[in-house]
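# Remarks on the overall topology
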Protein chains: 2
Amino acid sequence: MKNALNRVIPGKVNGEPVVPYKGVGKYRPEGQKHAPKISTVTDYPADGDKRVPTLREALMRSGLRDGMTISTHHHFRNGDYLANMVFDIAGELGIKGLRWFPSASFPCHEHLIKYLRDGTIHHIEGSMNGPLGKFVSEGGMKGTGVLRSHGGRYQAIQDGEVKIDIAVIGAPTADPFGNANGLYGNSACGLLGFALADSQYADKVIVVTDNMVDFPCIPWQIQGNYVDYTVEIEKLGDPEKIISGTTRITRSPDRLLLAERTARFCDAAGILRDGFSFQSGAGGTSLAVGEYFRKFMKEKGIKARFARGGSNKYLVSMLEEGLVDYILDGQTFDLEGVRSMAENQNHVWTSPFTSYNHHGKGNFAGMVDVVVLGATEIDINFNANVVTHSDGYLLHGLGGWQNCLFSKTVILPVPLFRDRIPVIKDAVTTICGPGELIDVVVTERGIAVNPARQDLIDAVKGAGLPLKTIEELKAEAEKICGIPQKPQLDVDVVAVIKWVDGTVMDAVHRVRP
Amino acid sequence: MKNALNRVIPGKVNGEPVVPYKGVGKYRPEGQKHAPKISTVTDYPADGDKRVPTLREALMRSGLRDGMTISTHHHFRNGDYLANMVFDIAGELGIKGLRWFPSASFPCHEHLIKYLRDGTIHHIEGSMNGPLGKFVSEGGMKGTGVLRSHGGRYQAIQDGEVKIDIAVIGAPTADPFGNANGLYGNSACGLLGFALADSQYADKVIVVTDNMVDFPCIPWQIQGNYVDYTVEIEKLGDPEKIISGTTRITRSPDRLLLAERTARFCDAAGILRDGFSFQSGAGGTSLAVGEYFRKFMKEKGIKARFARGGSNKYLVSMLEEGLVDYILDGQTFDLEGVRSMAENQNHVWTSPFTSYNHHGKGNFAGMVDVVVLGATEIDINFNANVVTHSDGYLLHGLGGWQNCLFSKTVILPVPLFRDRIPVIKDAVTTICGPGELIDVVVTERGIAVNPARQDLIDAVKGAGLPLKTIEELKAEAEKICGIPQKPQLDVDVVAVIKWVDGTVMDAVHRVRP
């Protein structure tokens, strides 16, 4: 089956029919949101104490059995212990055929490969960073992986596309009723927005904490009224890997050049005006863009109305200096982010519902003036890849990347080539975002503006920026590196990429190792 | 049809079959929560600006037509202008047969009687305070009124028992996207919890504000992602009536005696221990109970973990003195309450979902150690009435009263008689709460403890409190006032009282004026 981007996709994924990608804004959802069963307080302890002694008991009371969908969140990033514990228990109990539905997975979840091998886990729906992606790429998983953006995951749960049987929510602080937040405790991660949909829509919800406090746990980022059981454990994760002590701006002169050029472009295009808004990630280049924004804003005497996080110490200092009115934060990347979120009412915790859900009555993504994102590959129609490398390996997740493409201006600062492989090519290995939403590609050898954005081209004219066409950039890279070989990929599909509306945008193919 | 309290109730209300009350915790809900239609951001402005020029246009774009259900909230209390505006527009447009579904109505809504007369409004589902209650009592309304507690209203919306076509949410502060709060602006009312369910479940949601701010409106007590249209108007209400400049403790020696006795009872019963929790209303006697709690707590050197609001300056000062760790607030009654909620993260805004929803996975009501409530009548089985007077007139709403009955100890301080009519009688005019949930009746002539609470009777023995049976209290009142005559009531039912689980507890009959 071919979709609107002319990509070949399977008609069914894990036995379920899928809807092919139809174009930006072209697919109209029908029907009603997923409707969870009506509960009654009669089934819950009158004094609000929902504690059970162990995670194992909570899972058993939740009716854990073959074929269920188990969700976890990724706020503990590469420091997470909890997802591994859940499947250790499932493995011990001899449960088979589970669907693991994390908001993302990390190298620390390599531990779960044995459960993918022995059939405890049938397949993963959720972004895969590192070893699990490699394992899936090489055809090791029984089912087909499904990758969704943060907003797409909320949409899939809300729309009943994925029905969660048991949500396991790791909570840095919680009370026995199940109110929970990510702000305090040894496993503090900032917020718990990635678990919001799970709490609202899952059949059974378990909150697991290593910092149980008396009711009420304030603030309640997760509301205990959605929670079935609470569990105390020793340690949810490794604090040093949950949150970095410090984030660091790139020192690479090449990447600093990309960052400066990106900021200059924004300035020339008139984006850096009083009251503007921006989002830039936690990578070294993105952080550097933020620092150039700071410099330009100070020079111009302007401030931003809001910045979307991933927050970090740089963004926090801009908030505290009064350069941004609000941080609307989706995840905190360092200790300063956690501190600020706990202390400062203008450092606001958001969720994939507020920020990104494509099947809501609007979301925040479209209101952001400019976002700065990464990409592994970009084609001459500005379609971009963010999950696979040029060798075909699935090694990254989608995160909020697809959702951010709805911002008013989308800029991808990328090197012209990496390890002598050009980034801009005729066709990308996997399309994750349609070119019509990608406006500017900034490289060390020139800036290509999407011809659809003539307004931007006009705006920056005469600003001394090295504008080129994307074809020119591609040709320059090929002159240096040669024309890259296409990776040798099987016809077998190991994973699919969903668009923000639940349609299938592309397929990821098996790699011959 | 008779229910488990032996009350005669109609089998159908407004043409819909009803479930009779079955006893505390006896009714088990079935099925799924109400599932709103899936939206798509494609149908909303990409820049998040959902403003339309007038409320009239917002209502028309929302498809206002005959027979619809229109909801409003009562955070503006007796200062509300908005509900009247909505039905003025409906009246001008010639719309008929609307169901008005307010979270409560007040004397300021007397204006709507003309629309009840001319058929613009078919009937009201929501508590009625004052003139509308009188109008309904005398048989003026075409349909049958349905009274629900705050928690019961959330339950009814969540369960799909009441489907809201258009929710009109008055917001003291909002942004063009629809994020809204009650904390700031000329119409500040504190919070917007009573409109939460409406925002989540209504088909169309309109946010109306007299204080439009740039995105983002922080905090967002109502999330713009649920909102269809936003409207700016001059004035939502009369600030002096929305919130009182000051709340005042009773100076009546009789009521002070009731308050002191209530607090003494709590002390003797061991309820006032370190880390306890309490809820007491905003009436003069309740406020005085709080002040006695403060005195006792200081003497004993203890503090409360949380107090449930209605907040007011007295409760706020206890929070600020460190006598309570948290206020979990459902509505703010004075300016100090609003100030504190805006400033202090430990003054927490709650909602009927967190506090009271009987069809959730637990709620807060059962966790409160003691609540102090009012009643118009109490029978010898401790069943109590809070909506009608002894003359049969429906003059008050249920508020959170039914929900609070789930607290660990429920105390009703009441005078033995009012205007020479005894409060304790063989049978109350309308049962709003079952006696099995009511523990203590405190009067100026003695305290009656429900025999089902032998633990309380034992605990306070020897404390010098004037314990009597409820029959003794009734006899004392009758000795002074005589046996009260039963009111002359029609068989016609003008309204029904729902229990927290959606079953029908009692019927309110037409009064012959």
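These numbers were taken from a predicted model, which means no experiment stands behind them.

Criteria and thresholds
- Residues numbered from 1 in each chain as written.
- Chains lettered and ligands numbered in written order.
- Predicted model: local features only at pLDDT ≥ 70, side-chain atom pairs only at ≥ 80, totals over all residues.
- Contact = placed C-beta atoms within 7 Å.
- Helix = DSSP H or I, 4+ residues; strand = E, 2+ residues; numbered from the N terminus.
- Nonpolar A, V, L, I, M, F, W, Y, C, P; charged D, E, K, R; others polar.
- Axes fitted to C-alpha atoms, helices over the stretch in contact; angles between N-to-C directions.
- Parallel < 35°, antiparallel > 145°, perpendicular 65-115°, else oblique.
- Left-handed = near helix turned anticlockwise from the far one by under 90°.
- Buried ≥ 20, exposed ≤ 12 C-beta atoms within 10 Å, placed from the backbone.
- Pairing = 2+ DSSP bridges.
- Right-handed = clockwise from strand over helix to strand, strands pointing away.
- Least-squares fit on C-alpha atoms with pLDDT ≥ 70 in both.
- Domains from an automatic or database assignment.
- Core = buried A, V, L, I, M, F, W, Y, C linked by C-beta atoms within 7 Å.
- pLDDT = per-residue confidence, 0-100.

### Quick notes on the interface of chain A and chain B
- Contacts between chain A and chain B engage 50 residues on the former and 50 residues on the latter.
- Secondary-structure elements contributing two or more residues to the side of chain A that touches chain B are strand E15 (304-308), strand E16 (324-329) and helix H12 (352-355) of chain A.
- Counted by class, the side of chain A that touches chain B contains 19 nonpolar, 21 polar and 10 charged residues.

### Side note on the packing of helix H8 (residues 253-268) of chain B against helix H9 (residues 284-300) of chain B
Residue and element names in this part refer to chain B.
- Two elements in contact, H8 and H9, have axes whose closest approach is 8 Å; the angle formed by their N-to-C orientations is 45°. When the interaxial angle is binned, H8 and H9 end up oblique. Where H8 crosses over H9, the handedness of that crossing is right-handed. Here Arg255, Leu256, Leu258, Ala259, Glu260, Thr262, Ala263 and Asp267 of H8 lie close against H9, whose contacting residues are Gly284, Thr285, Ala288, Val289, Tyr292, Phe293 and Phe296.
- Looking at the contact of H8 with H9, its residues break down into 9 nonpolar, 3 polar and 3 charged.

### A short note on helix H10 (residues 313-320) of chain A
Residue and element names in this part refer to chain A.
- Counted residue by residue, H10 has 6 buried out of 8 residues, so it is predominantly covered.
- Listing the buried residues of H10 in full gives Lys313, Tyr314, Leu315, Val316, Met318 and Leu319.
- Buried residues along H10 sit in contact with helix H9 (284-300), E15, E16, helix H11 (335-343) and strand E17 (347-349).

### Structural notes on the pairing of strand E14 (residues 276-280) of chain A
All names here are of chain A.
- Along E14, 5 of the 5 residues are buried, which leaves the element largely enclosed by surrounding structure.
- What you see with E14 is no split at all: Phe276, Phe278 and Ser280 on one side and Ser277 and Gln279 on the other are buried throughout.
- Across 4 bridges, the pairing between E14 and E15 is parallel. When the bridges of E15 are listed, Phe276 appears paired with Ala304.
- Note on the crossover from E14 through H9 to E15: the handedness is right-handed.

### What to know about the relation of the copies chain A and chain B
- For these two chains of identical sequence, chain A goes onto chain B by a turn of 180° and a shift of 0.0 Å along the axis, with RMSD 0.0 Å. In short, the pair behaves as if placed about a two-fold rotation axis. Relative to the rotation axis, the C-alpha of Ala35 of chain A is the closest in chain A, positioned 2.6 Å from it.
- When the interface residues of chain A are mapped onto chain B, 100% of them again fall at the interface, so both copies present the same face.

### What to know about the pairing of strand E28 (residues 489-498) of chain A
Residue and element names in this part refer to chain A.
- Examined bridge by bridge, strand E8 (residues 145-147) and E28 share 3 bridges and lie parallel to one another. Across the sheet, the residue bridging to Leu147 is Ile497, located in E28.
- Examined bridge by bridge, E28 and strand E29 (residues 504-511) share 6 bridges and lie antiparallel to one another. Looking across to E29, one finds that Lys498 is bridged to Val504.

### Some points on the sheet that holds E17 of chain A
Residues and elements named next belong to chain A.
- Taking strand neighbours across the sheet as the criterion, the 9 strands line up as E17-E16-E15-E14-E18-E21-E25-E26-E27 in an open arrangement whose pairing is mixed. The sheet is open, and its two edges are formed by E17 and strand E27 (467-468), each paired on a single side.
- The strands touched by H9 are E14, E15, strand E18 (370-372) and strand E21 (409-413); relative to E14, the strand with the most contacts, the crossing angle is about 155°.
- Sitting on the sheet, H10 touches E15, E16 and E17, and the angle it makes with E16 is about 145°.

### Focus on the sheet that holds strand E4 (residues 98-102) of chain A
All names here are of chain A.
- Sheet architecture is open: 6 strands sit in the order E6-E4-E3-E9-E12-E13, paired in parallel fashion. With partners counted over all chains shown, the strands left at the sheet margins are strand E6 (121-124) and strand E13 (229-232), one partner each. When the angles between neighbouring strand axes are averaged without regard to direction, this sheet yields 25°.
- For strand E12 (residues 204-209) and E13, the ladder comprises 4 bridges, and the chain directions are parallel. Along E13, the bridge assignment pairs Ile206 with Tyr229.
- Packing of helix H2 (residues 82-92) onto the sheet brings it into contact with strand E3 (69-72), E4, E6, strand E9 (166-171) and E12, and relative to E3 it is tilted by some 155°.

### Considering the domain arrangement of chain A
All names here are of chain A.
- Taken as a whole, chain A is organised into domain 1 (50-125 + 162-242) and domain 2 (253-490).
- For domain 1 and domain 2, the distance between their C-alpha centroids amounts to 31 Å.
- Counting residues at the interface gives 13 residues for domain 1, matched by 14 residues for domain 2.
- Of the residues in the side of domain 1 that touches domain 2, the class split is 9 nonpolar, 4 polar and no charged.

### Regarding the environment of Asp175 of chain B
Residue and element names in this part refer to chain B.
- Tracing the backbone shows Asp175 in the loop between strand E8 (173-174) and strand E9 (180-181).
- Put simply, Asp175 and Glu232 are 57 residues apart on the chain and 9.8 Å apart in space, counted from C-alpha to C-alpha.
- Once residues within four sequence positions are removed from consideration, Asp175 is found in contact with Met212, Val213, Asp214, Phe215, Pro216, Cys217 and Gly224.

### Some details on unusual backbone geometry
All names here are of chain A.
- Pro216 follows Phe215 through a cis peptide bond whose omega is -5°.
- Tracing the chain through its elements places Pro216 in the loop between E12 and E13.
- For the bond running from Ile218 to Pro219, omega is -10°, close enough to zero to count as cis.
- Tracing the chain through its elements places Pro219 in the loop between E12 and E13.

### A few points about the environment of Leu437 of chain B
Residue and element names in this part refer to chain B.
- Topologically, Leu437 is positioned in the loop between strand E22 (424-425) and strand E23 (440-443).
- Taking the C-alpha atoms as reference, Leu437 lies 23 Å from Thr350; in sequence the two are 87 residues apart.
- Aside from chain neighbours lying at most four places away, what touches Leu437 is Val24, Leu405, Phe406 and Val410.

### A closer look at the nonpolar core
- Counting residues in hydrophobic clusters, the biggest one holds 320 residues, and the most contacted among them are Ile169 and Ile206 of chain A together with Ile169 and Ile206 of chain B.
- Setting aside residues no more than four positions away along its own chain, Ile206 of chain A makes contact with Ala58, Ser62, Ile166, Ala167, Val168, Ile169, Asp228, Tyr229 and Val231 of chain A.

### What about helix H5 (residues 150-158) of chain B?
Residue and element names in this part refer to chain B.
- Most of H5 sits out of view: 9 of its 9 residues are buried.
- Restricting attention to buried positions, one finds in H5 the residues His150, Gly151, Gly152, Arg153, Tyr154, Gln155, Ala156, Ile157 and Gln158.
- In the stretch just after H5, Gly160 is the one whose phi turns positive, near 80°.

### Thoughts on the confidence of the model for chain A
- With 100% of its residues at a pLDDT of 70 or more, chain A has an overall mean of 96.
- With pTM at 0.97, the complex prediction returns an ipTM value of 0.97.

### Describing the environment of Ala171 of chain A
Residues and elements named next belong to chain A.
- For Ala171, the position within the fold is in strand E9.
- Distance in space between the C-alpha atoms of Ala171 and Ala365 is 27 Å, their sequence separation being 194 residues.
- Other than its neighbours up to four places away in sequence, Ala171 contacts Ala180, Leu192, Val207, Val208, Thr209 and Ile222.

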